[in-house]
Each structure stands twice: as structure tokens, then as C-alpha cells.
Amino acid sequence: MTMTIRLLLADDHPVVRAGLRAVLDTEADFAVVAEAATAERAVELAGSEPVDVVLMDLQFGPGPGMHGSEATALITARPGSPRVLVLTTYDTDADILAAVEAGASGYLLKDAPPEELAAAVRTAAAGQSALAPAVALRLMDRMRTPAEALTKRELEVLQLVADGLSNQQISKKLFLSQATVKSHLVHIYAKLGVDSRTSAVAAAATRRLIRTP
């Protein structure tokens, strides 16, 4: 007898959730048991509902709400937690590393064909890693050239620079001294071959290391 994989859909767009449900309902071994429009609600439902896999978006609407990676970390930190499969439009190094470090079992892009999505859900449910080919390639490229790759912290700093934060604001948000923030920026400039914040953001955006507004 085939075991049913119970799913939680976490995405702030009702149309996206409806589309996912329509695709997933065609699989005999899948059952969508809950939906969440916010990351906070996803964390709540993942702890209270009988869920095997959470399909987690990364960005939940405008405003200061919880990020999908934060929700993933909270969900996977619990004993016997469901697996989390990130399903997003973002393929930047900053997003990928944050999700993987948070404990995501997989990372898929929303333009993945239905059969790839179904296979990723089954792989995640089995406790294995399910990465989109493009995502796996980016991670492999980082491993091949570790000296040139920005660290997760450097990506965090640069993403906040791109978001318009000053060094002082970055230091408060990341609980770092301003001297440490400056040190990270020096390393970032060296790795990207640039000499200013603007050039660093432009170079990182071109290489899809960070998101830009």
C-alpha cells in the first residue's frame, strides 16, 4: 500500500496556492492538508497538523514579516519535524545558502515542470536532498572556487547594502560591530574586484548573488 505524503502549502499568493494544489492533487500519493498565507502561520501549522512536507516560499508579501528561511529554521529545529522544500522564484546565492543552512531538504524554482515538483516532494519526504539543477550547479560552482565565493555572512551584509542600509544600520541588524561590517565590505570588494558599495551591488546582482529591488 502506498503511503500518502501530507503537504502544507506556504505562499502568500492564493492563486499560486490554488495552482500548486491543482498540480499536486493529480498525484495519487499526495494530500494537501493545510495552507498558510504567512511564514508565521506555516510554522504554527507545521507544528499542529500532520504534515510530512512543507512547500515553502521565501518572500511573504511586503512588510517586515518573517522570511521563509526563518520559518524553515523554526520548523526543522523541532524533533520529528516535517521536511521543508523551498519553492521560490529566487535563485540567488544569498537565498539558496540561507535556505540550506536553515535546514531545507530541497530547493526548487516555481517554473519547474509538474513532474519535477512531484519528484522533489517524494525525494524530500524520503529524507533526501532535492535541488533544482540550476541550484545544484550554483552550489557546485561555489565549492570549486571557495576563495572567490562570498560567505553567507558577506552575502547578508551585501544584501542589506543593496536594500539601502548604512553600515550602522547593518551592524545593528546583524549584531555586528561597525568595524566588522567594514571588514566584510573590504573582503567583498576584493572578491568582486570592485571599489565601492554601488559597484559591489551591481556586480553581485549581475552574478545573481543577491536580490536587488
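Residues numbered from 1 in each chain as written. Predicted model: local features only at pLDDT ≥ 70, side-chain atom pairs only at ≥ 80, totals over all residues. Heavy atoms only, no water.

## Quick word on the nonpolar core
Then comes step 1: If you look at the biggest cluster of nonpolar residues, it comprises 52 residues, and the most contacted ones within it are Leu-24, Leu-55 and Leu-158.
Then comes step 2: When residues of this core are assigned to their parent elements, the largest contribution, 6 residues, is made by helix α7 (residues 152-162).
Then comes step 3: Apart from the residues within four sequence positions on either side, Leu-24 is in contact with Leu-7, Leu-9, Phe-30, Val-32, Leu-55, Leu-117 and Val-121.
Then comes step 4: One finds Ala-39, Ala-42, Val-54 and Met-66 within the second-largest nonpolar core, a separate group that totals 17 residues. (Core = buried A, V, L, I, M, F, W, Y, C linked by side-chain atoms within 4.5 Å. Buried < 20%, exposed > 50% of the residue type's maximum accessible area, 1.4 Å probe, protein only. Helix = DSSP H or I, 4+ residues; strand = E, 2+ residues; numbered from the N terminus. Contact = heavy atoms within 4.5 Å.)

## Describing helix α8 (residues 167-174)
Then comes step 1: Restricting attention to buried positions, one finds in α8 the residues Asn-167, Ile-170, Ser-171 and Leu-174. In an axial view of α8, the angular spread of the buried residues amounts to 100°, which keeps them on one side of the axis. Looking at α8, the residues exposed on the side facing more than 90 degrees away from the buried face are Lys-172 and Lys-173.
Then comes step 2: In this structure, the buried residues of α8 make contact with α7, α9 (178-192) and α10 (197-206). (Arc of directions from axis to C-beta.)

## Re the packing of helix α2 (residues 39-48) against helix α3 (residues 68-76)
Then comes step 1: Their axes nearest at 9 Å, the elements α2 and α3 cross at an angle of 15°. One element, α2, and the other, α3, form an angle in the roughly parallel class. At the point where α2 passes α3, the crossing takes the right-handed sense. Facing α2, whose interface residues are Ala-39, Ala-42, Val-43 and Ala-46, α3 presents Ala-71, Leu-74 and Ile-75.
Then comes step 2: Classifying every residue of the contact of α2 with α3 by side-chain character gives 7 nonpolar, no polar and no charged. (Axes fitted to C-alpha atoms, helices over the stretch in contact; angles between N-to-C directions. Parallel < 35°, antiparallel > 145°, perpendicular 65-115°, else oblique. Left-handed = near helix turned anticlockwise from the far one by under 90°. Nonpolar A, V, L, I, M, F, W, Y, C, P; charged D, E, K, R; others polar.)

## Remarks on the environment of Leu-108
Then comes step 1: Looking at where Leu-108 falls in the secondary structure, it is placed in strand β5 (residues 106-109).
Then comes step 2: For the pair Leu-108 and Thr-145, spaced 37 residues apart in the sequence, the C-alpha separation amounts to 23 Å.
Then comes step 3: Beyond its immediate sequence surroundings of up to four residues, Leu-108 is in contact with Val-86, Leu-87, Thr-88, Glu-116, Leu-117, Ala-120 and Ala-132.

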